[in-house]
Amino acid sequence: MSFAGNQLNLPGSSNSAVSVNPRRLEDVMGEKPFKWTSITFGCQALDQLLDGGLSCNGITEIYGESGTGKSQICMQLAVTAQLPPDRGGTGKGVVYFTTRGGNIPSDRLMSIIRTFQDRYPNLRINYMGNIFIQRNMEVCGLLHCVQHKFPEFLQKQQIGLVIVDSMGIFRHEADKIQRSRNMRCLATCLNSLAKQHNFAVLCVNEATSIPKPGESEIIPSLGLSWSNLVSTRLKLSRTDRTTSSGDVVRMMSYMHSPQVAIESAEFIITGGGVCDL
């Protein structure tokens, strides 16, 4: 379609300066601006931090040192993603790609499930049955699964969230050029499928400590070749404070860059999952 012959006719003479008050597109179209759907964290402070929860637009990266709560966040989102849309979920299943050794702690997952069963007793959701776990211990296996097996699976099963835990599998690749290609391949494939099937993507990354005078700096691993593929970056950390019941106060920071946080929110992890203070 060509717009070469179209002209925008404004009031007044074409030879004189015209003052026009700009109008918002939503006022003209009678519609509100488009807002990407999101998945609730099941924690009000974290939902407020991210304007509703985990975005379904692009890849969200979550990183932090060991023990900051990355796996807990993933397991809780695997549950909340199954809630109906009016409860902040997608009403769909969850695919959990794990590249770690060992099993996902089912006892912790069941504790979180019981929390949401108690919170929404009228919902009849088979939480555990709607989480599909795929273990891949090598990069080539992960890429083959995402490129070939996963698209076929999506034709049979509605999915609202995909979790990759963790991107640390790429750190073992000695060839940095090939590693960059493989990470881009993974991100491109997940983004394409996410747009077609409308699901969120959450990738867990490891943290690297850079020694600096006075205090070391914690940054995500894998460098710029990975960070350029990420739409939203979330950093988890532990504070030196505890609640009256002894729970460690943790922090999620919405990062503008590896060094600069836009905003942060505090939370705790209890036996029932990720909670507000």
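Provided above is the structure to which this section pertains.
What this report covers is the structure whose coordinates are included nearby. (Residues numbered from 1 in each chain as written. Predicted model: local features only at pLDDT ≥ 70, side-chain atom pairs only at ≥ 80, totals over all residues. Heavy atoms only, no water.)

## Quick look at the overall build of the protein
Here is step 1 of the chain: Looking only at helices and strands, one finds 7 helices and 13 strands in the protein.
Here is step 2 of the chain: Here the protein holds 277 residues, and 44% of them are scored as buried.
Here is step 3 of the chain: Expressed as a percentage of contacts within the protein between residues at least 6 apart in sequence, the contacts between residues at least 24 apart total 65%.
Here is step 4 of the chain: Taken as a whole, the protein presents about 15400 Å² of accessible surface, with 49% of it coming from carbon and sulfur. (Helix = DSSP H or I, 4+ residues; strand = E, 2+ residues; numbered from the N terminus. Buried < 20%, exposed > 50% of the residue type's maximum accessible area, 1.4 Å probe, protein only. Contact = heavy atoms within 4.5 Å. Areas by Shrake-Rupley, 256 points an atom, 1.4 Å probe, with all protein chains shown as cover.)

## What to know about the pairing of strand β3 (residues 59-64)
Here is step 1 of the chain: The buried fraction of β3 amounts to 6 of the 6 residues, a majority that puts the element mostly inside the structure.
Here is step 2 of the chain: Because side chains alternate across β3, one face comprises the buried residues Ile59, Glu61 and Tyr63, and the other comprises Thr60, Ile62 and Gly64, equally buried.
Here is step 3 of the chain: Bridging between β3 and strand β7 (residues 200-205) involves 5 bridges; their strand directions are parallel. Paired with Ile62 across the two strands is Val204, which belongs to β7.
Here is step 4 of the chain: Bridging between β3 and strand β10 (residues 232-242) involves 5 bridges; their strand directions are parallel. Within β10, the residue paired with Tyr63 across the bridge is Lys235. (Pairing = 2+ DSSP bridges.)

## Considering the side chain of Asp247
Here is step 1 of the chain: Note that Asp247 resides in the loop between β10 and β11 (248-255).
Here is step 2 of the chain: This buried residue, Asp247, is left without a salt bridge; Arg250 holds the nearest opposite charge, at 7.4 Å.
Here is step 3 of the chain: Each residue touching Asp247, except ones within four places of it in the same chain, is listed here: Arg241, Thr242, Ile268, Ile269 and Thr270. (Lys, Arg positive; Asp, Glu negative; His and termini not counted. Salt bridge = Lys/Arg side-chain N within 4 Å of Asp/Glu carboxyl O.)

## Thoughts on the side chain of Gln72
Here is step 1 of the chain: With respect to the element layout, Gln72 can be found in helix α3 (residues 70-80).
Here is step 2 of the chain: A distance of 2.7 Å separates polar atoms of two side chains, one belonging to Gln72 and the other to Arg108. (Polar contact = N/O pair within 3.5 Å; in protein donor to acceptor, adjacent residues only side chain to side chain.)

## Thoughts on helix α6 (residues 176-197)
Here is step 1 of the chain: Given a rise of 1.5 Å per residue, 22 residues ought to cover 32 Å, and the 31 Å separating the end C-alpha atoms of α6 matches this to within 8%.
Here is step 2 of the chain: Within α6 the residues assigned to the buried category are Arg179, Asn182, Met183, Leu186, Ala187, Cys189, Leu190, Leu193 and Ala194. In a view along the axis of α6, the buried residues occupy a sector of 165°, so they form one face of it. Projecting away from the buried face of α6 at angles above 90 degrees are the exposed residues Ile177, Arg181, Lys195 and Gln196.
Here is step 3 of the chain: Each element contacted by the buried residues of α6 is listed here: β3, α5 (139-154), β6 (159-165), β7 and α7 (223-227). (Expected span 1.5 Å × (residues − 1). Arc of directions from axis to C-beta.)

## Considerations on the nonpolar core
Here is step 1 of the chain: The biggest cluster of nonpolar side chains holds 41 residues, and the ones touching the most others in it are Phe41, Leu46, Ile73, Leu161, Met252 and Phe267.
Here is step 2 of the chain: Where this core is concerned, the elements lending two or more residues are α2 (44-49), α3, β4 (93-98), α4 (106-119), β6, β7, β10 and β12 (261-270).
Here is step 3 of the chain: Here this core gets 6 residues from one element, more than from any other, and that element is α3.
Here is step 4 of the chain: Excluding residues within four positions of it along the chain, Phe41 makes contact with Leu46, Asp47, Leu50, Gly53, Leu54, Ile73, Gln76, Leu77, Thr80, Leu234 and Met252.
Here is step 5 of the chain: Counting residues in hydrophobic clusters, the runner-up holds 30 residues, among them Ile159, Leu186, Ala187 and Cys189. (Core = buried A, V, L, I, M, F, W, Y, C linked by side-chain atoms within 4.5 Å.)

## With respect to unusual backbone geometry
Leaving glycine aside, a negative phi is the common case for residues, and trans is the common case for peptide bonds.
Here is step 1 of the chain: Omega for the bond connecting Asp165 with Ser166 falls within 30 degrees of zero, at 15°, which places this linkage in the cis form.
Here is step 2 of the chain: Unlike most non-glycine residues, Asp51 shows phi in positive territory, near 55°.
Here is step 3 of the chain: Tracing the backbone through its elements, the reader meets Asp51 in the loop between α2 and β2 (54-55).
Here is step 4 of the chain: Located in the positive-phi region is Asn198, a residue other than glycine, with phi close to 60°.
Here is step 5 of the chain: By the secondary structure assignment, Asn198 is in the loop between α6 and β7.
Here is step 6 of the chain: Among the residues examined, Asn198 registers a relative accessible area of 41% and is labelled partly exposed.

## As for the pattern of salt bridges
Where charged atoms from two side chains of opposite charge come close, those side chains can pair.
Here is step 1 of the chain: In this structure the tally under the stated criterion is 6 salt bridges.
Here is step 2 of the chain: Its salt-bridge partner being Glu206, residue Arg100 comes within 3.5 Å of it at the nearest N-O pair. Taken together, the positions of Arg100 in the loop between β4 and α4 and Glu206 in the loop between β7 and β8 (207-210) put the pair 106 residues apart, joining distant regions of the chain.
Here is step 3 of the chain: For Arg100, a relative accessible area of 29% corresponds to the partly exposed category.
Here is step 4 of the chain: With relative accessibility at 19%, the residue Glu206 sits in the buried group.
Here is step 5 of the chain: Here Arg241 makes a salt bridge to Glu266, at a shortest N to O gap of 2.1 Å. Here Arg241, found in strand β10, pairs with Glu266, found in strand β12; they are 25 residues apart in sequence, far enough to count as distant.
Here is step 6 of the chain: Residues joined in a network through salt bridges with shared partners are Arg100, Asp165 and Glu206.

Without other data, these values stay purely geometric and don't point to any function.
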